[in-house]
Amino acid sequence: MPNKKQKFILVNVDGQQYAVPLSSSYHFFHIRQITPIPQMDKRIIGFTYHNGHLVTLLDTAKIFTLMTKNSNEKCAMVKFDHHYYGWIIKSAGDIVSAILNKSRTQDILKEYILVNKKKIKVLEVKPVLKDINLDAK
Amino acid sequence: MPNNKYKTFYIDTSVEQLKKLSNLFLAWEKHSKDLYLIEDILRITHSMKGAAATMEYNKTVKVLHLAEDIFYALLHKELELSEKVLDILFKTLQVLDKNIKNIISQGKEANLDIHIKSLKQVIKNNATKTKTKIKKQARASLSYITHSGSDLYTPLEIVVPTDRLDKLQRIVDSLFVAKMNLQCLISHDPDSTKSCLEIDRIVADLRREVKELRTMSLAQIFSPLPRLVRELAKAEKKNVNLIIEDNGLSLDKTILDDMIDIIVQLLRNAMVHGITTKQKDGQIIVQTEIVNDSVKIVVADNGQGIDWQEILAIALKKKIITTAQSKEMKLSDIKQLIFDGHFSSSSTTSIRGGRGVGLSLVQKRVKDLRGSVVVDSSKNKGARFTILLPLPVSVLWSLVFQIGNFYLALPNASVIKIIRLPKLIVFDKQTNFVHKNIKYSLISLAKVLEIKKLSIVTQNLAIIKHDNKKILLPLPQITKEEDIIIKRTPKVLKNNKIVSFVAVAADGRPVLVLNVDYLFD
């Protein structure tokens with residue numbers, strides 16, 4: 001049975017395109033203040049406060065080892081496992097409908113969508129937390 | 001097909017009604033001649049039946065209908081309240097509990113056929129006495145029963161899901177942060193300050209109301225415990241009296257779920273391993289009280305107690321400890337053995353000392369809540385578990401400051417005194433400081449936070465106390481005292497030792513609340 005199409009928003013991180021699944025909890029905003037956390041993996045920048053939510057900021061560029069030019073200052077907020085996380089991005093772009101696929105690569109992100117025959121990886125919190133070794137319940 | 005739209009409402013309401021029924025049953029067991037209690041039971045059963053019918057849970061309707069028949073027969077003295085009848089009615093509660101759990105987990109009713117047969121059997125045995133006519137009349141008049149002689153009967157309540165309350169709390173917290181921010185901005189304008197004071201009052205009222213909404217009485221939360229003990233006592237063939245002293249407390253829902261799980265686990269332990277079958281005067285006491293900023297829970301029994309030498313022997317036998325280790329162990333170390341996960345999973349149910357089942361879970365739960373658990377017991381003198389859990393607070397009066405890039409808070413409750421030095425001092429590599437002829441250990445936050453080449457130049461020192469030890473903490477020259485709003489602890493802080501939790505300061509910025517215990521380590 002074919003997978004159903006889902007809606008994604010395309011985001012730009014240092015010139016690289018990624019997709020964020022659209023859900024009721026997603027939100028885009030400019031980051032005002034960041035509170036860094038001691039004894040924390042460098043891929044987690046810190047916390048910010050937005051709309052009554054405490055958001056854990058994930059350094060998207062560092063996680064995916066992109067050449068950062070410190071030009072990313074927006075946040076794509078998502079809810080995962082009752083907590084809020086923010087992907088640091090440069091900008092948000094089009095909304096697309098696509099089928100979610102899964103690759104068998106060793107990459108952190110295994111899910112992707114095809115947009116104009118181009119593979120765009122889907123930003124997922126779970127494998128990133130697992131990679132940083134923070135997923136222990 | 002049951003209406004899914006109202007399923008959550010049905011479940012929440014049924015859970016509450018089952019709790020009330022349980023209370024009424026227990027009261028009725030003691031005061032079986034109080035017909036008003038049966039009327040209350042009938043009213044709730046009837047209401048549950050109506051709700052189940054709306055949801056098209058037909059087997060549930062059947063169970064409740066048959067239970068109603070029995071209550072009518074009892075009300076009209078057509079049926080005698082025997083031990084057997086009482087047991088089947090308590091069993092009905094168990095079955096209905098299980099049924100609700102089934103509806104939650106699998107979306108459908110449990111198999112109720114066997115219980116329906118049992119209920120029919122009770123009615124059949126008394127068929128000659130039970131008159132349908134009376135039943136019908138009584139059913140018709142049920143809605144008009146106005147008396148609520150029993151204190152246990154409460155009027156209709158609206159069930160609000162906790163996530164909706166959380167959302168409301170979040171909005172009110174945001175309003176509070178915005179108000180604090182506004183106060184900072186307009187503090188020099190008298191007119192604005194006046195308006196701000198009015199807003200302050202409104203926000204305070206709103207926060208208090210939301211807090212009330214989130215609070216539940218322990219009496220309500222503890223209501224299933226007597227039934228649980230009754231069932232366990234029956235299964236274990238033991239004679240136990242449960243005494244609950246809740247001191248009229250009401251607590252926030254966030255702590256109650258964990259708290260009740262811990263108490264149930266300790267009750268089971270006391271019941272299974274503490275109280276013996278030979279005892280005629282078995283007694284378990286559950287006490288709760290507020291001590292400073294914590295809730296103190298005591299679960300004590302007058303059972304056979306714990307033989308610590310036997311515990312030590314088991315730990316050796318199970319290779320949890322070595323012989324060399326056992327020789328160096330103090331009583332406090334041996335006491336910790338019963339909370340060891342390996343000890344708990346070992347088969348120790350048949351021996352006097354073996355009370356370990358589930359205790360590792362209790363300790364884990366308590367630790368997760370940043371609390372402590374202590375056990376006092378000796379052979380033949382019962383056991384007493386004392387648990388201290390910090391009360392969930394949403395606003396914390398704290399010292400807020402910045403060191404390097406880190407935005408930090410120190411709860412005022414952990415500060416004994418702030419020393420204001422006559423002049424600025426550079427705190428760099430000193431490890432001690434003498435103030436008024438008292439030598440204090442000095443803690444460098446720069447060192448704790450692993451910030452290299454950072455000296456704190458300040459006149460402010462905080463004296464912090466923990467377990468009879470005192471330390472001095474140099475605070476940055478700019479340190480504010482303010483209310484901070486505590487937020488749900490993010491998952492990424494799970495293994496962080498420096499930070500206890502995160503809050504939001506008046507400027508809307510997240511602030512990391514320092515773990516005072518870690519500073520003493």
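Residues numbered from 1 in each chain as written. Chains lettered and ligands numbered in written order. Predicted model: local features only at pLDDT ≥ 70, side-chain atom pairs only at ≥ 80, totals over all residues.

Caption draft 1: Quick peek at the overall build of chain B. Within chain B, the secondary structure is distributed over 18 helices and 17 strands. Burial analysis of chain B (521 residues in total) assigns 30% to the buried set. The contacts of chain B with a sequence gap of at least 6 include a subset with a gap of at least 24, amounting to 66%. (Helix = DSSP H or I, 4+ residues; strand = E, 2+ residues; numbered from the N terminus. Buried ≥ 20, exposed ≤ 12 C-beta atoms within 10 Å, placed from the backbone. Contact = placed C-beta atoms within 7 Å.)

Caption draft 2: Here's a closer look at the overall build of chain A. Across its full length, chain A holds two helices and 11 strands. Starting at the N terminus, the α and β elements of chain A follow one another as β-β-β-β-β-α-β-β-β-β-β-β-α. In chain A, the share of contacts with a sequence separation of at least 24, taken over all contacts with a separation of at least 6, comes to 51%.

Caption draft 3: Fine view of the sheet that holds strand E11 (residues 432–435) of chain B. Residues and elements named next belong to chain B. Read from one edge of the open sheet, five strands run E10-E13-E14-E12-E11, paired in mixed fashion. Every other strand in the sheet has two partners, leaving strand E10 (415–427) and E11 as the edge strands with one partner each. Taken pair by pair, the neighbouring strands of this sheet meet at an average axis angle of 35 degrees, ignoring direction. Here strand E12 (residues 438–442) runs beside strand E14 (residues 469–475); their pairing, made up of two bridges, is parallel. In the strand pairing of E14, Ser441 is matched with Ile471. (Pairing = 2+ DSSP bridges. Axes fitted to C-alpha atoms, helices over the stretch in contact; angles between N-to-C directions.)

Caption draft 4: The arrangement of the interface of chain B and chain A in detail. Chain B puts 25 residues into the contact, and the matching count from chain A is 18 residues. Of the residues forming the side of chain B that touches chain A, the biggest block, four residues, is contributed by helix H7 (residues 162–185) of chain B. Tallied by class, the residues present in the side of chain B that touches chain A amount to 13 nonpolar, four polar and eight charged. (Nonpolar A, V, L, I, M, F, W, Y, C, P; charged D, E, K, R; others polar.)

Caption draft 5: Main features of the sheet that holds strand E7 (residues 383–390) of chain B. All names here are of chain B. Sheet architecture is open: five strands sit in the order E2-E4-E5-E7-E6, paired in mixed fashion. Two strands in the sheet have a free side with no partner beyond their single neighbour: strand E2 (240–245) and strand E6 (372–377). Between one strand and the next, the sheet's axes are offset by a mean angle of 10 degrees, whatever the strand orientation. Looking at chain direction, E2 and strand E4 (residues 282–291) are connected through six bridges and run parallel. Opposite Val240, over in E4, you have Gly282 as the bridge partner. Here helix H10 (residues 225–236) sits on the sheet and contacts E2 and E4; the angle it forms with E2, its principal contact strand, is near 165 degrees. Along the sheet face, helix H11 (residues 253–274) touches E2, E4, strand E5 (294–301) and E7 and points at about 15 degrees away from the line of E5.

Caption draft 6: Highlighting the environment of Ser174(B). One can find Ser174(B) in helix H7. Residues Ser174(B) and Gly508(B), 334 residues apart in the sequence, show an inter-C-alpha distance of 8.6 Å.

Caption draft 7: The arrangement of the confidence of the model for chain B in detail. Residue and element names in this part refer to chain B. On average, residues of chain B carry a pLDDT of 81, and 89% of them reach 70 or more. Confidence drops under a pLDDT of 50 for residues 131–156, and excluding neighbours within four residues, the segment shows 24 contacts in the predicted structure. Both confidence scores are given for the complex: pTM 0.59, ipTM 0.89. (pLDDT = per-residue confidence, 0-100.)

Caption draft 8: Local environment of the environment of Leu42(B). Assignment of secondary structure puts Leu42(B) in helix H2 (residues 35–54). Remark: the alpha-carbon pair of Leu42(B) and Glu68(B), spanning 26 residues in sequence, is separated by 6.4 Å.

Caption draft 9: Seen up close, the packing of helix H1 (residues 7–30) of chain B against H2(B). Residue and element names in this part refer to chain B. It is at 10 Å that the axes of H1 and H2 come closest, and there the two elements cross at 160 degrees. Here H1 is positioned roughly antiparallel relative to H2, judged by the angle of their axes. H2 is crossed by H1, and the crossing has left-handed handedness. Of H2, the residues touching H1 (which contributes Tyr10, Thr13, Ser14, Gln17, Lys20, Leu21, Leu24, Ala27 and Trp28) are Leu37, Ile38, Asp40, Ile41, Ile44, Ser47, Met48 and Ala51. Classifying every residue of the contact of H1 with H2 gives 11 nonpolar, four polar and two charged. (Parallel < 35°, antiparallel > 145°, perpendicular 65-115°, else oblique. Left-handed = near helix turned anticlockwise from the far one by under 90°.)

Caption draft 10: The packing of helix H3 (residues 58–75) of chain B against helix H5 (residues 113–125) of chain B, seen in detail. All names here are of chain B. At their nearest, the axes of H3 and H5 sit 10 Å apart, and the two run at 20 degrees to each other. Put simply, H3 runs roughly parallel to H5. Crossing angle aside, the handedness with which H3 passes H5 is left-handed. Here Lys62, Val63, Leu66, Ala67, Asp69 and Ile70 of H3 lie close against H5, whose contacting residues are His115, Ile116, Leu119, Lys120, Val122 and Ile123. Split into classes, the residues belonging to the contact of H3 with H5 amount to eight nonpolar, one polar and three charged.

Caption draft 11: Spatial organisation of H11(B). Taking 1.5 Å of rise per residue, 22 residues should cover 32 Å, and H11(B) covers 30 Å from first to last C-alpha, within 8% of that figure. Burial in H11(B) covers these residues: Leu256(B), Met259(B), Ile262(B), Ile263(B), Leu266(B), Leu267(B), Asn269(B), Ala270(B), Met271(B), His273(B) and Gly274(B). (Expected span 1.5 Å × (residues − 1).)

Caption draft 12: Region of interest: the pairing of strand E17 (residues 510–514) of chain B. Residues and elements named next belong to chain B. With five of its five residues buried, E17 lies for the most part within the structure. Here E17 shows a buried face lined by Pro510, Leu512 and Leu514 and a second buried face lined by Val511 and Val513. Summarising the sheet, strand E9 (residues 406–411) and E17 pair through two bridges and their orientation is parallel. Bridging from a neighbouring strand, Leu408 pairs with Leu512 of E17. As paired elements, strand E16 (residues 499–504) and E17 share five bridges and run antiparallel to each other. The residue bridging Val502 from the neighbouring strand is Leu512, located in E17. As consecutive antiparallel partners, E16 and E17 are separated by five residues, and within that stretch Gly508 has a phi angle of approximately 80 degrees, a positive value.

Caption draft 13: Spatial organisation of the nonpolar core. Residues and elements named next belong to chain B. Of all hydrophobic cores here, the largest spans 68 residues; its most connected members are Ala409, Ala503, Val511 and Leu512. Each of domain 2 (162–213) and domain 4 (395–520) contributes no fewer than three residues to this core. Setting aside residues no more than four positions away along its own chain, Ala503 makes contact with Leu396, Ala409, Ile484, Ile485, Ile486, Lys487, Val511 and Val513. Ranked by size, the runner-up nonpolar core spans 34 residues in total, among them Val229, Ala270, Ala315 and Ile338. (Core = buried A, V, L, I, M, F, W, Y, C linked by C-beta atoms within 7 Å. Domains from an automatic or database assignment.)

Caption draft 14: Spotlight on the environment of Asn51(A). Summarising the element assignment, Asn51(A) is placed in the loop between strand E4 (44–50) and strand E5 (53–58). The spacing of Asn51(A) and Phe29(A) is 22 residues in sequence and 10.0 Å in space, taken between C-alpha atoms.

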